[in-house]
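Spelled out from the first residue to the last, the chains are:
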Amino acid sequence: EEIGTKISCAGYRSYAKEDLLGKLIVAVVNFPPKQVGPETSEVLILGASNENGEPIYLTPESAAPLGARVF
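Residues numbered from 1 in each chain as written. Predicted model: local features only at pLDDT ≥ 70, side-chain atom pairs only at ≥ 80, totals over all residues. Heavy atoms only, no water.

A. Up close: the overall build of the chain. The number of helices and strands found in the chain is one helix and six strands. When the elements of the chain are put in sequence order from the N terminus, they spell out α-β-β-β-β-β-β. Dimensions of the chain, computed from the C-alpha atoms along their principal axes, are close to 35 × 30 × 25 Å. With 71 residues in all, the chain has 11% of them scored as buried. As displayed, the chain offers around 5900 Å² of accessible surface, 55% of which is attributable to carbon and sulfur atoms. For the chain, the separation between the mean place of its 6 positive charges and that of its 9 negative charges on side chains is 7 Å. (Helix = DSSP H or I, 4+ residues; strand = E, 2+ residues; numbered from the N terminus. Buried < 20%, exposed > 50% of the residue type's maximum accessible area, 1.4 Å probe, protein only. Areas by Shrake-Rupley, 256 points an atom, 1.4 Å probe, with all protein chains shown as cover. Lys, Arg positive; Asp, Glu negative; His and termini not counted. Charge placed at Lys NZ, Arg CZ, Asp CG, Glu CD.)

Structure follows, in structure tokens:
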């Protein structure tokens, strides 16, 4: 609730909507908005690329509270 809804221009297009709903990811939410092409991104989702160059989001190994600090 404190963070609200944020928009990311990350590689989410590589994922089906049903694969993302309810998924925990690691992201930075306190960066200022950044113009990425025609879109504005408010969140930096952390990830890596697989051997095909497709994004793989970083996820917590175990349950973590929403909004927990990344260190």
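B. Representation of the side chain of Ser41 within the structure. Note that Ser41 resides in strand β3 (residues 39–41). A polar contact of 3.2 Å, which involves the side chain of Ser41, links it to the backbone oxygen of Val43. In contact with Ser41, not counting residues within four places along its chain, are Ile7, Ser8, Cys9, Pro32, Pro33, Lys34 and Val36. (Polar contact = N/O pair within 3.5 Å; in protein donor to acceptor, adjacent residues only side chain to side chain. Contact = heavy atoms within 4.5 Å.)

C. Layout of the environment of Leu58. In this structure, Leu58 sits in the segment after β6 (55–57). Setting aside residues no more than four positions away along its own chain, Leu58 makes contact with Leu24, Ile25, Val26, Leu46 and Gly47.

Any functional reading would require information beyond the geometric quantities listed.
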